[in-house]
Amino acid sequence: MITSTQNERVRYIRSLARRRVRQREGRFVVEGTRLVDEVARAGIQPALVFYTQAWAESPAGQELLPLLRPADEGNWLVSEAVLAGCADTQSPQGVLAVVPFVRLQPRQDLLLILDQVRDPGNLGTILRSAEAAGTGQVLLAPGTVDLYNPKVVRGAMGAHFRLAVTSLDWPAIREQVAGRAVWLADASGEVTYETVDWTLPSALIVGGETAGAGVAAAALATGRVSIPMAGGAESLNAAMAATVILFEAARQRRKKP
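These figures come from a predicted structure and were not determined experimentally.

Q: An account of helix α7 (residues 120-132) is requested, with residue identities and associated values reported.
A: The periodicity of an α-helix, 3.6 residues per turn, causes residues three or four places apart in sequence to face the same way. The end-to-end C-alpha distance of α7, which contains 13 residues, comes to 18 Å, matching closely the 18 Å that a straight helix rising 1.5 Å per residue would cover. When we look at burial in α7, the residues that qualify are Pro 120, Asn 122, Leu 123, Gly 124, Ile 126, Leu 127, Ser 129 and Ala 130. As for α7, its buried residues are in contact with β5 (111-115), β6 (137-140), α8 (150-156), β7 (165-167) and α11 (238-255). The opening residue of α7, the one whose side-chain oxygen lies 3.0 Å from the backbone nitrogen of Gly 121, is Asp 119.

Take a look at the structure:
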């Protein structure tokens, strides 16, 4: 059992809280039974697993532990204090794993571009919605929060393992959207979201929570799409707006022969 927070493996896991270390190592940390279960289901081989005795003796631990076969560092029983010291959450569930960055092949469905979405909770929710709506690929433009930020990972609820997501600069994004209608979500947009034909090759740009989309995103858009709202509401937050439009696109694609 690892009981010291000065253990080299403990220090390594804690170092992955920093973005530059995650990028250098090509690894990130997932916490809790749900996300560790997603790792096992996706057939991903973790580099390192920490778990407590209580978790190992739980029904979930007894089921999952034999499925987690780390590539090099192994499965390690650790004290509750060590796990708490490695976790990003206030009340860790007794297990965490270090896993490699996930690279998935995109599909030729709707393309979602996120520009300057800086809130990790919003990005996690958007990724979860994008996967549920069958979005083909998500592109993260400069200024958007890191895909592997711990709060993003928790909020996405396993979407990292099933949804193609890539961080690109604007020249590369322009290449990706060639031949598509590019719609920018904008509260003052001239076209309402349900009147757009989302069955055609399309891309949707959703801007950040405070300032919205930037100049590069606006220049790329071929049109602006809005969500009609009743009452005194002026706009929805980025995650809600993305969810509403993505599920309308999914509805249209389901109806198309």
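Q: Residues and numbers for unusual backbone geometry, please.
A: Residues other than glycine seldom take positive phi values, yet Gln 116 does so here, at roughly 60°. Note on placement: Gln 116 falls in the loop between β5 and α7. Despite not being glycine, Met 157 has its phi angle at roughly 55°, a positive value. Along the polypeptide, Met 157 turns up in the loop between α8 and β7. The class for Met 157 is partly exposed, based on a relative accessible area of 23%.

Q: Hey, could you go over the pairing of strand β10 (residues 202-207) for me, with residue numbers and the actual values?
A: In terms of burial, β10 is a largely internal element, 6 of the 6 residues being buried. Across the two faces of β10 the burial is the same, with Ser 202, Leu 204 and Val 206 and Ala 203, Ile 205 and Gly 207 all buried. Both β5 and β10 contribute to a ladder of 5 bridges, which runs parallel. When the sheet's bridge partners are listed, Leu 111 is paired in β10 with Ala 203.

Q: For the nonpolar core, give the residues involved together with the corresponding values.
A: In terms of nonpolar packing, the biggest core is built from 56 residues, with Val 30, Leu 112, Leu 114, Leu 127, Val 138 and Trp 198 touching the most fellow members. In this structure, Leu 127 is in contact with Val 138, Leu 147, Val 152, Ala 156, Ala 159, His 160, Leu 163 and Val 165, ignoring residues within four places of it in sequence.

Q: Mind laying out the packing of aromatic side chains, listing which residues take part and the relevant values?
A: The final tally for this structure, using the stated rule, is 5 aromatic pairs. On the numbers, 4.5 Å between centres and 40° between planes, the contact of Phe 28 with Tyr 148 is tilted. Note that Phe 28 is positioned in strand β1 (residues 27-31) and Tyr 148 in the loop between β6 and α8, a separation of 120 residues in sequence. Accessibility expressed as a relative area gives 0% for Phe 28, which makes it buried. Among the aromatic side chains, those forming a connected cluster through ring pairs are Phe 28, Phe 101, Tyr 148 and Phe 161.

Q: Please provide a residue-by-residue account of the pairing of strand β8 (residues 181-185), values included.
A: Direction of pairing for β8 relative to β10: parallel, over a ladder of 4 bridges. Its bridge partner lying in β10, Val 182 is registered against Ala 203. Bridge count between β8 and strand β11 (residues 223-226): 3 bridges; the pairing is parallel. Across the sheet, Ala 185 pairs through a bridge with Val 225, a residue of β11.

Q: Which residues make up the pattern of salt bridges, and what are the values?
A: In this structure the tally under the stated criterion is 11 salt bridges. When the shortest N-O distance is used, the salt bridge between Asp 186 and Arg 224 registers 2.6 Å. Of this pair, Asp 186 sits in the loop between β8 and β9 (191-192) while Arg 224 is found in strand β11, placing the two residues 38 residues apart along the sequence. Of the residues examined, Asp 186 reaches a relative accessible area of 18% and is grouped as buried.

Definitions and limits used
- Residues numbered from 1 in each chain as written.
- Predicted model: local features only at pLDDT ≥ 70, side-chain atom pairs only at ≥ 80, totals over all residues.
- Heavy atoms only, no water.
- Helix = DSSP H or I, 4+ residues; strand = E, 2+ residues; numbered from the N terminus.
- Expected span 1.5 Å × (residues − 1).
- Buried < 20%, exposed > 50% of the residue type's maximum accessible area, 1.4 Å probe, protein only.
- Contact = heavy atoms within 4.5 Å.
- Polar contact = N/O pair within 3.5 Å; in protein donor to acceptor, adjacent residues only side chain to side chain.
- Pairing = 2+ DSSP bridges.
- Core = buried A, V, L, I, M, F, W, Y, C linked by side-chain atoms within 4.5 Å.
- Phe/Tyr/Trp six-rings, centres within 6.5 Å; stacked < 30°, edge-to-face > 60°.
- Salt bridge = Lys/Arg side-chain N within 4 Å of Asp/Glu carboxyl O.

Any functional reading would require information beyond the geometric quantities listed.
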